[in-house]
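Coordinates in review
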Amino acid sequence: MTNHHTTGDGGSIESRLTEQEYFRPPPEFVGQANVTDSSIYDRFEENWPAAYEEFAELLDWAERWDQVLDDSNPPFYEWFTGGKLNASYQAVDRHLPERKDQTAILWEGEHGTTERIAYQDLYRRVNEMAAVFREVGVAEDDIVTMHMPMVPGLPISMLAAARIGAPHSEVFAGFSAQALADRIDDAGSDVVVTIDGYYRRGEFLDHKEKADKALELAESDPETVLLFTREDELHEDVSIDSDDPYVLVDEVLQDKQGVSVEPVARDAEDPLFLMYTSGTTGQPKGTQHRTGGYMAYVTATSKYVLDIEPADTYWCSADIGWITGHSYIVYGPLSLGTTTVMYEGAPDFPHKGRLWEMAEKYDVDIFHTSPTAVRMFMKWGEEIPRQYDFDFRHLTTVGEPIQPEAWLWYYEHIGGGDAVIVDTWWQTETGGHLITNLPALKDMKPGSAGFAVPGIEPAILDDQGNEIDPATGQAGNLVITKPWPGMLQTVYGNDERFIDEYWRAFSDTSSDDPEDWVYRAGDGAVHERDGYWRILGRLDDVMNVAGHRLGTMELESAVAEVSDVAEAAVAGRDDPEKGTVPDIYVTLREGVDPGEDVRDRVVGAIEAEIGTFARPANVWFVDELPKTRSGKIMRRLLEDISNDEQLGNTTTLRDPSVPEDIRRQVQD
Ligand code: WT7
């Protein structure tokens with residue numbers, strides 16, 4: 001199977017996938033599952049949207065809601081209006097009476113140090129950190145930007161900000177100084193949180209360096225940068241100048257020992273956080289998530305889909321810097337009062353059995369990872385996990401389509417044939433899972449994400465927006481036709497962009513009838529004859545690199561900043577491990593010779609603007625880019641070339657010989 005697909009000129013989305021067999025969920029799993037009554041699907045269908053009260057009732061509200069859904073002003077839907085709650089209270093305080101001594105966060109540093117943070121300790125540390133935020137002037141509704149790696153200070157800071165009603169905006173630690181600066185500016189943050197450094201493959205990485213540079217690059221001028229330290233003291237290679245805005249978290253904490261900070265009762269619709277993500281145009285956009293609907297949705301899906309119980313040890317190996325970590329390392333699992341595992345470092349350090357060694361040591365019950373990681377484990381070989389004695393009952397994947405071969409390998413060599421495999425399709429914008437099986441109720445089918453979560457109404461449309469009949473095995477544009485509580489509220493500060501990116505394509509935007517508003521996911525999907533959904537991947541100018549979303553526009557504008565470059569176009573190349581990697585096609589200015597030096601600057605520009613994780617596979621210097629008569633770059637043809645495929649239709653090109661010349665250069 002391949003992820004590569006194109007929207008043909010006739011507007012049809014092709015898929016060439018083979019049918020797969022079904023796997024029953026093991027009886028031992030079904031016997032203990034959180035949801036075993038299939039009437040849940042009917043309840044949500046017959047009683048929509050009121051059935052979502054079941055989700056909200058999993059939380060402890062300071063004030064109950066008046067209305068489940070206010071859809072009077074689509075697409076600005078409001079959930080559980082009139083309700084009040086605090087997210088840190090759900091994740092921490094409410095568990096104290098029953099499980100204050102149980103581990104909430106089980107952190108392992110790359111060197112093997114373990115920190116078990118019991119719910120009582122988490123309560124103390126979140127309260128103290130909330131007091132630190134207040135001390136440096138963070139008020140309710142101020143957005144705090146965080147640039148933190150996988151250390152306990154990250155979830156503690158998120159929960160502390162949530163406690164005082166300050167939305168957080170965590171920027172993945174792998175993002176560059178420029179990316180951090182852009183996000184600080186867009187969110188208008190006065191307070192930033194970072195750390196001196198962290199460990200990766202045995203090396204201490206100076207992380208403060210990026211914040212230093214971001215402060216220079218940012219247009220705004222944050223007043224305070226709170227600096228955590230990875231060890232007890234500031235690392236010897238890192239220093240603070242007297243006129244820097246840095247403040248050591250440990251210093252402010254000194255007179256905050258044991259203080260308590262009342263959780264602020266937030267309106268259900270008050271924002272909880274921003275998560276920046278790539279879109280089809282320009283700068284990354286701040287996906288804004290609400291407090292009530294989001295917390296209800298991630299708590300319910302953690303319980304029903306991930307099958308988490310308080311007594312479990314649950315491990316999602318994603319990074320908290322992405323939405324998966326927000327929803328399914330921090331908020332969902334902690335809201336259910338379970339033990340959530342966090343690991344600082346690389347999966348192959350100091351050896352390729354690191355993750356399985358940890359799974360054995362901590363007796364992990366549920367393991368959650370990406371298809372990219374599974375393909376890597378496969379490549380490393382089954383002899384590696386075989387050396388360890390772990391026993392999972394539930395395995396989740398997220399982020400990209402999982403190929404049946406990888407699914408089967410995961411099932412057999414990691415699940416031992418007696419764990420459920422749960423493929424979860426969702427997005428930064430959706431807050432939580434939308435298409436995935438309730439694992440005790442549906443058979444597994446390798447390569448298919450499964451059925452919609454109760455209450456979710458997916459459909460597929462052709463490029464003209466006509467609905468394709470359900471369950472006919474055809475492919476189309478994946479859309480969601482009804483709102484759900486976990487959905488984004490808007491793009492921070494930009495309602496127009498929110499409408500443009502997600503709604504305009506298939507909605508009647510002049511209507512105030514919610515039936516006329518359809519959410520465009522940007523993915524292609526096949527609705528199989530048996531009702532299972534198979535996700536094909538992105539159809540727009542967004543690519544999925546090792547489970548990370550990158551916009552072609554962002555990459556292209558980074559490359560365009562290299563002075564010798566005239567024009568650049570990015571195409572996704574299928575990669576056996578990472579899913580997709582960017583190939584960059586570049587034309588150079590008059591008189592510039594292609595060579596290593598320009599190539600290095602192109603790669604360097606991407607690393608500096610976005611981050612090293614976005615590094616391209618190839619930089620191709622070409623004489624001309626394929627363009628239509630109206631001057632639009634035909635990236636689709638470049639994608640065909642990068643993927644060793646036959647060139648698609650070239651009749652609309654200004655100069656049809658261009659792609660053939662490039663093809664010869666790249667493929668021969
Ligand atoms: C895009 C969203 C949701 C958390 C991680 C990524 C792709 C996500 C699956 C899946 C096939 C998937 C889609 C989607 N995707 N999960 N189970 N099967 N594709 O979040 O960075 O917002 O990316 O990831 O293309 O649109 P994200």
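Residues numbered from 1 in each chain as written. Predicted model: local features only at pLDDT ≥ 70, side-chain atom pairs only at ≥ 80, totals over all residues. Heavy atoms only, no water.

Further remarks concern the side chain of Thr277. Note on placement: Thr277 falls in strand 14 (residues 271-277). A polar atom in the side chain of Thr277 sits 3.5 Å from the side chain of Arg549. Leaving out residues up to four positions away in the same chain, Thr277 has contacts with Pro284, Lys285, Thr287, Thr428, Glu429 and Arg549. (Helix = DSSP H or I, 4+ residues; strand = E, 2+ residues; numbered from the N terminus. Polar contact = N/O pair within 3.5 Å; in protein donor to acceptor, adjacent residues only side chain to side chain. Contact = heavy atoms within 4.5 Å.)

Looking now at the site of the ligand. Close contacts around the ligand come from 17 residues, with Asp423, Thr424, Thr428, Asp523 and Arg538 the closest. The separation between an oxygen atom of the ligand and a polar side-chain atom of Arg538 is 2.8 Å. At 2.8 Å, a side-chain N or O of Arg549 approaches an oxygen atom of the ligand. If the ligand stood free it would expose 550 Å²; the protein chains cover 96% of that surface. Secondary structure elements with two or more residues in the shell around the ligand: helix 12 (323-335), strand 20 (420-424) and strand 25 (533-538). Residue composition of the shell around the ligand, grouped by class: six nonpolar, six polar and five charged. (Near = heavy atom within 4 Å. Areas by Shrake-Rupley, 256 points an atom, 1.4 Å probe, with all protein chains shown as cover. Nonpolar A, V, L, I, M, F, W, Y, C, P; charged D, E, K, R; others polar.)

Scored by pLDDT, the chain comes out at a mean of 95, with 97% of its residues at no less than 70. Per-element confidence in the chain is highest for helix 7 (residues 153-163), whose mean pLDDT is 99, and lowest for strand 26 (residues 542-545), whose mean pLDDT is 89. Below a pLDDT of 50 lies the segment residues 1-11, which in the model reaches 36 contacts outside its immediate sequence neighbourhood of four places, other chains included. (pLDDT = per-residue confidence, 0-100.)

What follows is about the packing of helix 8 (residues 177-187) against helix 9 (residues 208-217). Packing of helix 8 against helix 9 leaves a shortest axis separation of 8 Å and a crossing angle of 55 degrees. Classified by the angle between their axes, helix 8 and helix 9 sit oblique to one another. The two elements helix 8 and helix 9 meet at a crossing, and its hand is right-handed. On helix 9, the residues that touch Ala177, Gln178, Leu180 and Ala181 of helix 8 are Lys210, Ala211, Lys213, Ala214 and Leu217. A breakdown of the residues in the contact of helix 8 with helix 9 according to their chemical character gives six nonpolar, one polar and two charged. (Axes fitted to C-alpha atoms, helices over the stretch in contact; angles between N-to-C directions. Parallel < 35°, antiparallel > 145°, perpendicular 65-115°, else oblique. Left-handed = near helix turned anticlockwise from the far one by under 90°.)

We now examine the sheet that holds strand 23 (residues 490-491). The strands making up a sheet are joined through hydrogen bonds of the backbone, oriented either antiparallel or parallel. Read from one edge of the open sheet, eight strands run 12-11-8-6-7-14-15-23, paired in mixed fashion. One side of each edge strand has no neighbouring strand; the edge strands of this open sheet are strand 12 (246-248) and strand 23. For strand 6 (residues 144-146) and strand 8 (residues 191-195), the ladder comprises two bridges, and the chain directions are parallel. If you follow Thr145 over to strand 8, its bridge partner there is Val192. Along the sheet face, helix 7 touches strand 6, strand 7 (168-170), strand 8, strand 11 (224-228) and strand 14 and points at about 170 degrees away from the line of strand 6. (Pairing = 2+ DSSP bridges.)

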